[in-house]
Amino acid sequence: MFAAERRQLILEMVRANGAVSLRELARVVQTSEVTVRRDVRALEAEGLLDRRHGGAVLPGGFSRESGLPQKSHLASAEKTAIADLAAGLVGEGEAVVVGAGTTTQELARRLARVPGLTVVTNSLLVAQALAHANRVEVVMTGGTLRGSNYALVGSGAEQSLQGLRVSRAFLSGSGLTAERGLSTSNMLSASVDRALVQAATEVVVLADHSKLGTDTMFQTVPTDAITRLVTDEPPAGEQRAEAELHALADRGVQVVVAGGPSGPAPGGGHRAEGQRRDVPSPRRNPPPQGGGSGPPQTRGPGQQGEPPGAGGYPAKNRVADLGPRRR
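Thresholds applied
- Residues numbered from 1 in each chain as written.
- Predicted model: local features only at pLDDT ≥ 70, side-chain atom pairs only at ≥ 80, totals over all residues.
- Heavy atoms only, no water.
- Helix = DSSP H or I, 4+ residues; strand = E, 2+ residues; numbered from the N terminus.
- Buried < 20%, exposed > 50% of the residue type's maximum accessible area, 1.4 Å probe, protein only.
- Areas by Shrake-Rupley, 256 points an atom, 1.4 Å probe, with all protein chains shown as cover.
- Pairing = 2+ DSSP bridges.
- Right-handed = clockwise from strand over helix to strand, strands pointing away.
- Axes fitted to C-alpha atoms, helices over the stretch in contact; angles between N-to-C directions.
- Contact = heavy atoms within 4.5 Å.
- 1 Å grid on protein atoms, 1.4 Å probe; cavity = no way out; pocket = protein on both sides within 12 Å on 5 of 7 lines; lining within 4 Å.
- Points joined across faces, edges and corners; volume = space filled by probe spheres on them.
- Nonpolar A, V, L, I, M, F, W, Y, C, P; charged D, E, K, R; others polar.

Caption draft 1: Here's a closer look at the overall build of the protein. What the protein contains, in helices and strands, is 10 helices and 19 strands. Within the protein, buried positions represent 52% of all 327 residues. Total accessible area on the protein is roughly 14700 Å²; 50% of this is exposed by carbon and sulfur atoms.

Caption draft 2: View of the pairing of strand β5 (residues 117-121). With four of five residues buried, β5 is to be regarded as a mostly interior element. Sheet topology places strand β4 (residues 95-98) next to β5; four bridges connect them, and they run parallel. Within β5, the position partnered with V98 by the bridge is T121. In the classification by handedness, the crossover that spans β4, the intervening helix α6 (residues 102-111) and the parallel β5 is right-handed.

Caption draft 3: Region of the structure containing the sheet that holds strand β1 (residues 19-21). Strand order in the open sheet formed by three strands is β1-β3-β2, with antiparallel pairing between adjacent strands. Across the chains shown, the open sheet's two edge strands, defined by having one partner strand only, are β1 and β2 (50-52). Direction aside, neighbouring strands of the sheet carry axes that sit 25° apart on average. Pairing geometry for β1 and strand β3 (residues 55-57), over three bridges, is antiparallel. The residue bridging V20 from the neighbouring strand is A56, located in β3. Lying on the sheet, helix α2 (residues 22-29) is in contact with β1 and β3; it crosses β1 at an angle near 75°.

Caption draft 4: Geometry of the layout of surface pockets. Its volume calculated, the second largest pocket comes out at about 160 Å³. In this structure, the second largest pocket is lined by 13 residues; those nearest its centre are R37, R51, R52, E238 and R240. When contributions to the lining of the second largest pocket are tallied by element, the ones reaching two or more residues are α3 (33-45), β2 and α10 (239-250). Take the lining of the second largest pocket: its biggest share by element is three residues, from α3. The residue makeup of the lining of the second largest pocket, split by class, is two nonpolar, five polar and six charged.

It is worth stressing that arrangement in space is one thing and function is another; only the former is reported here.
Next up, the structure:
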């Protein structure tokens, strides 16, 4: 495929979906992410799109919301990895709320295996994924059906959540920044998501790397209200995405990264399957001055204080924890 043909196809995908990750663009045009990144830069120079961390969006600063058919095919492998890790946070007999979205739909499919679980949701897709699960109770909010994402919104949905208290809320959105937190492109969806947050002790955001650094119109969860972010490993060379993760960690968010590459670990050594790495936030953990002990050592599963699968995650997953953990 010639460069002009690739760029035309990239432009059509961004216009159709609002936001597309570099991985997805590379897969569709059948070339490397390096080549796609070069094409995206060229299109941005012409004012035809805007680059974002790990992807591209429509020009103008705020990306618009994609329809469900387009969303369901974007970053599918990343959403699967995120859902696998997020499901490990939920234990038998808990009560949780799960918001609308294609990533939360993937999570719901995995929650179907948790016995004694109660799931409160405004999403028809989440409810459908749990409809035939044994020993899982599904509680639907009221509200008006929003056909673009099969979610219940409006005052009926918000009122049905009043007085509710659960252990965790699992939410997705259209964009996530350290400065502004989670945001979405629809006012009604944002209002219901805020009501879901009020019902939960902890807030877990599920967002693939393409949403990092993307800001949309309506804030749903400010950064200081997010307990944890579950995301995927940014593509190699995406330093801005990695910087966004560190900025979120510096604001007190526990950042868990799924599917990181094996190989050299920061500070030397080798990152093996199932290891965790703690990356200190820049402000909270300044480097030692003269005579310090050097960079923190990576601690693998089974070593003292870090058993296999710590934090509720299967040991087989490759996990990175960034920044300070909330107590």
